[in-house]
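# Remarks on the overall topology
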Amino acid sequence: MKGIIDNTATEQTMPRHIAVVMDGNGRWANKRHLPRAAGHKAGVGSTRKIVEHCAKKNIEALTIFAFSSENWNRPKSEVSALMALFVSTITAEVKKLHKKNVCVKFIGDRTRFSEKLQNSINDAEILTTDNSGLHLNIAANYGGRWDVVNACKQIAEQVKNNKTSIQDIDETMFDSFVSLSELPAPDLFIRTGGEQRISNFLIWQLAYSELYFVDTLWPDFAEDDLDAALTWYAGRQRRFGKTGQQLMEEKVAEN
Ligand code: FPP
């Protein structure tokens, strides 16, 4: 069930949807006197571990920030290394993901990528489209503000063509035009690498997510670190604007 305006998750101890900013690859490499690209390569190892761990734990969806719309501003050599890494990683991993029943989707504006990368993205999505296991969403050339503006443009187009009216625009309707609208909103947001910000990730979708920040650099982030985040999440009380007292009363009424 779609969950952005879904208040039913209060009693869940496991998140249905986890969003991750995989930060710290560059610093991991610097500490080892390696080029930054080596940090991104090492980061792929953590990504693989975390995807497999989420699948094993029956998490419904995992959305990872692989490349932001602002990352084009990095040195040309790093951007090229990342693009090459995306092609090689997608090509190498997609069959294994397919065997694990993972459904892979990309969010973001893919039109700026090379034809080769766009082809590997399309192939991965087509191959895994019917899989019923973990939904793995890879944000690439993605920005939260882009996502919101993109939704606005689509709605404006519908109003212009008399397919909808301004009165019909509400949060639920708007939500159906942003990325990941078919999934529940992320319950848990994780950012590695010590920074405490959202950095233009899923700004609309994260409105009610629990935010977890950890100093561990992404290439060092492993299964037990995810378990620690899950334990932290299980201790959160998700109130969605209600009071703790109301939640207690609702719980008593249920039983
Ligand atoms: C941020 O660390 C990380 C990135 C911009 C790239 C993340 C990409 C991967 C881990 C590869 C995943 C691959 C696929 C195909 C999903 P940073 O470079 O900002 O680190 P820093 O803050 O230490 O400099």
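Only a predicted model underlies this, so the values are computations on that prediction, with no experimental measurement involved. (Residues numbered from 1 in each chain as written. Predicted model: local features only at pLDDT ≥ 70, side-chain atom pairs only at ≥ 80, totals over all residues. Heavy atoms only, no water.)

## Brief notes about the site of the ligand
The environment of the ligand is made up of 20 residues, and the closest members are Asp23, Gly26, Arg27, Arg36 and Arg74. The side chain of arginine 74 places a nitrogen or oxygen atom 2.7 Å from an oxygen atom of the ligand. Burial of the ligand by the surrounding chains reaches 91%, relative to a free accessible area of 640 Å². Those elements that provide at least two residues to the shell around the ligand are α1 (25-31), α2 (36-56), β2 (61-68) and α3 (76-99). Looking at the shell around the ligand element by element, the count peaks at 5 residues for α2. Counted by class, the shell around the ligand contains 8 nonpolar, 8 polar and 4 charged residues. (Near = heavy atom within 4 Å. Polar contact = N/O pair within 3.5 Å; in protein donor to acceptor, adjacent residues only side chain to side chain. Areas by Shrake-Rupley, 256 points an atom, 1.4 Å probe, with all protein chains shown as cover. Helix = DSSP H or I, 4+ residues; strand = E, 2+ residues; numbered from the N terminus. Nonpolar A, V, L, I, M, F, W, Y, C, P; charged D, E, K, R; others polar.)

## Looking at the packing of aromatic side chains
In total, this model carries 12 aromatic pairs according to the counting rule given. Consider the rings of phenylalanine 67 and phenylalanine 86, whose centres lie 6.1 Å apart with planes at 85 degrees: the pair is edge-to-face. With phenylalanine 67 in strand β2 and phenylalanine 86 in helix α3, the pair connects residues that are 19 residues apart, well separated along the chain. Both residues of the pair, phenylalanine 67 and phenylalanine 86, count as buried. One residue, arginine 112, lies across the ring of tryptophan 72, its end atom 4.1 Å from the ring centre. (Phe/Tyr/Trp six-rings, centres within 6.5 Å; stacked < 30°, edge-to-face > 60°. Buried < 20%, exposed > 50% of the residue type's maximum accessible area, 1.4 Å probe, protein only. Lys NZ or Arg CZ within 6 Å of the ring centre and 35° of its normal.)

## Some thoughts on unusual backbone geometry
Most peptide bonds take the trans form, and the phi angle of most residues other than glycine is negative. Unlike most non-glycine residues, asparagine 101 shows phi in positive territory, near 70 degrees. Locating asparagine 101 in the fold gives a position in the loop between α3 and β3 (103-107). The class for asparagine 101 is partly exposed, based on a relative accessible area of 29%.

## Here we look at α2
With 21 residues, α2 extends 31 Å from end C-alpha to end C-alpha; this agrees with the ideal 30 Å at 1.5 Å per step. Residues of α2 that are buried make contact with β1 (17-21), α1, β2, α3, β4 (135-142) and α7 (223-234). Immediately downstream of α2, the backbone of asparagine 58 shows phi near 60 degrees, a positive value. (Expected span 1.5 Å × (residues − 1). Contact = heavy atoms within 4.5 Å.)

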